[in-house]
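What follows is each chain in one-letter form.
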Amino acid sequence: MSAPESTAPPQPAPADAGTRIAALFEAHNRTLLRFLNCRLRSPQEAKEVAQEAYVRLLQLDSPGGIGYLRAFLFKTAANLAVDRLKSARRRERIDQLEFFHEQAAAPSPESGIAAEQELSTLLSIIEELPPKCRYAFIKHRFYGNSLREVAAAMNLSERMVRLYVERALTYCRIRLEGVDA
Amino acid sequence: MRNLESMKDIPQTTSDQAASWFLRLQEETQVEAVFVDWQHWLTASSEHRLAYEKIEDVALRMRTAPASMLRLPSALEMLNDDYDGSQPIAEWKQGLAGSIRQRPATAHRLRYAAAAGLILTLGLGSWLGARHMNFPADSVAVYRAAAWQQQTIALPDGSRVTLDAGSILKTRLTSRQRLLQLDRGEAYFEVARDARPFSVSAGITQVTALGTAFNVKLNGERTIVAVIEGKVSVTATAPLAEAADDTGAGSSGSAAPNLIAGLKDTRRLSTQLSAGEAVSYGADSGFDAIPSEQASLATGWLSGRRQYRNEPLRNVLADVDRYTGRHTEITDSAAGELKFTGTLNLHNSAAWLQGLSVALPVRVTEDDTGTLIVEMAH
């Protein structure tokens, strides 16, 4: 008990930074992949971006404390994901609607009746949302419009649109919990 | 402080916070501080992490629906939409259902306006130990009858509840049971026959029935149950021994030993009641049978006339408060123990208060805050 194990020094020597980053990455890999998967909707791309973020982290001149590193990891990954989405859109020259449609439809693991049932569940849940809330939710989550874009289209504040989408997500969570139970 | 900006607007429940963080992080441009704050929040407790993962799962799962199959609302629909996001959607929807349900005002007695409505739904997962809301099979609601107004409630199972003015009732109907909880006041239950047991929790008492009619009243420290039709079982949900400790006797276990003896095995106490019978239960003395001539008065309130026989004034004043929506304070305990025999009318309970000093040796005054003060007249 002579050396405190759990508290890392705020500015560590560069020598052990690599090990610490590896540990950090291991500890957060799963969370990071989930995080990226939500953005990219492709497990493969999520893995590629996570790896790229890891490399960037190792290239840092002076890595800070663990809290900072964690935040940096996710922020870097988020930025890389945005870049990837943008270039993908440019490259493939497909409109957003089709892009999202394709991405969403491709990795469906289930087939037949179960998938059909699941789809009708999801559609009916979305249909239950109050109209303005549904508009914001669909535009933001399915058409890939930013909150600002949705806000402009609806003539509402960005804050209001954010609230609508949050409420919609929570409602979906409650409904899906009920469906699964 | 760097936390202030990004934490601003983050709502209360963990689940709401998770949804809020999720959206924040989905936005394209975010400063580093947001990620730092998010990590603080995420690693603060495993509950946070689980809530966050849950929202991630939901978002991914919802996304599997193709955008082309979603119906965007029309401009007219959006124009007529009054949902403003200030409450959770499920709660808001239940509110709508409540206002539709109240439309037929069956006012065959007095003016039982249906103004009091459904206030809160869902988010009640914790009461009665419900962990998951079985939506939409579960139907959960809270009814509050306004002052001056009794409210009749038609439950989805066909049962009817008449809620006395100022009373509060929670209901939860699942595929297996019908659970109700009387939080304030008094209610009369006409239970539709159904395989699911119908249980009413009131204070430290639980009443269970299959198909019958009965009345439950929270009366000070005691709960009174009267059966009009059929049979019910009444169970004490807090054993006497514990309740006796709560009253601060200090010497635990020594209070009312003769009564506790019967509870040692089960920690529960229950009794069966048939039509025309009534019982009261309190932590101090357990079950007391109520004489039949008094039991017959139990439902007088349904016609707006509440009759009392030797009732402690404090209990009568609790009823008056529910009717008037005001607060009466008994500043001297002797006044609270005075026995009242007589009638209280729903619609003249304000006048009743003014006339109280004629019936009993008390003085009724009003202080600056509008609270009514009742004390012994000397």
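Residues numbered from 1 in each chain as written. Chains lettered and ligands numbered in written order. Predicted model: local features only at pLDDT ≥ 70, side-chain atom pairs only at ≥ 80, totals over all residues. Heavy atoms only, no water.

**As for the overall build of chain A**
Line of reasoning, step 1. Secondary structure assignment for chain A yields 8 helices and 0 strands.
Line of reasoning, step 2. What you see in chain A, going N to C, is helices and strands ordered as α-α-α-α-α-α-α-α.
Line of reasoning, step 3. The proportion of buried residues among the 181 residues of chain A is 48%.
Line of reasoning, step 4. Counting only contacts in chain A whose residues sit at least 6 apart along the sequence, the fraction spanning at least 24 positions is 63%.
Line of reasoning, step 5. On chain A, roughly 9400 Å² of surface is accessible, and the fraction owed to carbon and sulfur atoms is 52%. (Helix = DSSP H or I, 4+ residues; strand = E, 2+ residues; numbered from the N terminus. Buried < 20%, exposed > 50% of the residue type's maximum accessible area, 1.4 Å probe, protein only. Contact = heavy atoms within 4.5 Å. Areas by Shrake-Rupley, 256 points an atom, 1.4 Å probe, with all protein chains shown as cover.)

**Considering the interface of chain A and chain B**
Line of reasoning, step 1. Listed per partner, the contact involves 69 residues of chain A and 63 residues of chain B.
Line of reasoning, step 2. A salt bridge links R30(A) to E53(B); the nearest nitrogen and oxygen atoms lie 3.0 Å apart.
Line of reasoning, step 3. Seen at the junction of chain A and chain B, the total is 18 residue pairs in polar contact (both at pLDDT 80 or more).
Line of reasoning, step 4. Broken down by element, the residue count for the side of chain A that touches chain B peaks at 22 residues, all from helix α8 (residues 158-180) of chain A.
Line of reasoning, step 5. In the side of chain A that touches chain B, the residues fall into 38 nonpolar, 8 polar and 23 charged. (Salt bridge = Lys/Arg side-chain N within 4 Å of Asp/Glu carboxyl O. Polar contact = N/O pair within 3.5 Å; in protein donor to acceptor, adjacent residues only side chain to side chain. Nonpolar A, V, L, I, M, F, W, Y, C, P; charged D, E, K, R; others polar.)

**A look at the nonpolar core**
Line of reasoning, step 1. Counting residues in each nonpolar core, the largest one holds 74 residues, and the members touching the most others are F35(A), L36(A), F142(A) and W38(B).
Line of reasoning, step 2. The biggest single contributor to this core is helix α3 (residues 66-92) of chain A, with 10 residues.
Line of reasoning, step 3. Not counting chain neighbours up to four residues away, the residues in contact with W38(B) comprise F35(A), F74(A), W21(B), L25(B) and Y52(B). (Core = buried A, V, L, I, M, F, W, Y, C linked by side-chain atoms within 4.5 Å.)

**Focus on the pairing of strand β19 (residues 372-376) of chain B**
All names here are of chain B.
Line of reasoning, step 1. With 4 of 5 residues buried, β19 lies mostly within the body of the structure.
Line of reasoning, step 2. Taken together, the 3 bridges between strand β16 (residues 328-330) and β19 define a ladder with parallel strand orientation. Looking at β19, one finds that E329 is bridged to I373.
Line of reasoning, step 3. In this sheet, β19 lies alongside strand β18 (residues 362-366) in antiparallel orientation, the contact comprising 5 bridges. Within β19, the residue paired with E366 across the bridge is L372. (Pairing = 2+ DSSP bridges.)

**Quick look at the confidence of the model for chain A**
All names here are of chain A.
Line of reasoning, step 1. On average, chain A scores 76 in pLDDT, and the residues at 70 or more come to 76%.
Line of reasoning, step 2. Per-element confidence in chain A ranges from a low mean pLDDT of 39 for helix α4 (residues 96-105) to a high of 93 for helix α6 (residues 131-141).
Line of reasoning, step 3. Segment residues 1-13: pLDDT under 50, and 7 contacts once partners within four positions in sequence are set aside and those in other chains are kept.
Line of reasoning, step 4. Within the model, pLDDT remains below 50 along residues 90-110, and this stretch shows 25 contacts once partners closer than five positions in the same chain are excluded. (pLDDT = per-residue confidence, 0-100.)

**A short note on the confidence of the model for chain B**
Residue and element names in this part refer to chain B.
Line of reasoning, step 1. Looking at chain B, pLDDT values average 75 and 76% of them are 70 or higher.
Line of reasoning, step 2. For the stretch residues 99-137, pLDDT sits under 50, and the model shows 86 contacts to residues farther than four places along the chain or on other chains.
Line of reasoning, step 3. Predicted confidence is poor over residues 241-268, with pLDDT under 50, and the contacts of this stretch with residues over four places away or in other chains come to 21 contacts.

**Section: the environment of G166(B)**
Line of reasoning, step 1. Mapping G166(B) onto the fold places it in the loop between β3 (160-163) and β4 (168-173).
Line of reasoning, step 2. The spacing of G166(B) and G325(B) is 159 residues in sequence and 6.8 Å in space, taken between C-alpha atoms.

**Observations concerning the sheet that holds strand β13 (residues 278-282) of chain B**
All names here are of chain B.
Line of reasoning, step 1. Taken in spatial order, the 7 strands of this open sheet run β2-β3-β6-β9-β10-β13-β14, and their pairing is antiparallel. Every other strand in the sheet has two partners, leaving β2 (151-154) and β14 (286-290) as the edge strands with one partner each. Pairs of neighbouring strands in the sheet enclose a mean axial angle of 20°, with direction left out of account.
Line of reasoning, step 2. Pairing of strand β9 (residues 213-219) with strand β10 (residues 222-229) involves 7 bridges; the strand directions are antiparallel. Along β10, the bridge assignment pairs A213 with E229. (Axes fitted to C-alpha atoms, helices over the stretch in contact; angles between N-to-C directions.)

**Observations concerning the sheet that holds β4(B)**
Backbone hydrogen bonds hold the strands of a sheet together, and the pairing may be parallel or antiparallel.
Residues and elements named next belong to chain B.
Line of reasoning, step 1. Strand order in the open sheet made by the 7 strands is β1-β4-β5-β7-β8-β11-β12, with mixed pairing throughout. Two strands in the sheet have a free side with no partner beyond their single neighbour: β1 (139-144) and β12 (269-274). Mean inter-strand twist for the sheet, computed between neighbouring axes without regard to direction, equals 15°.
Line of reasoning, step 2. Sheet topology places strand β7 (residues 198-202) next to strand β8 (residues 205-209); 5 bridges connect them, and they run antiparallel.

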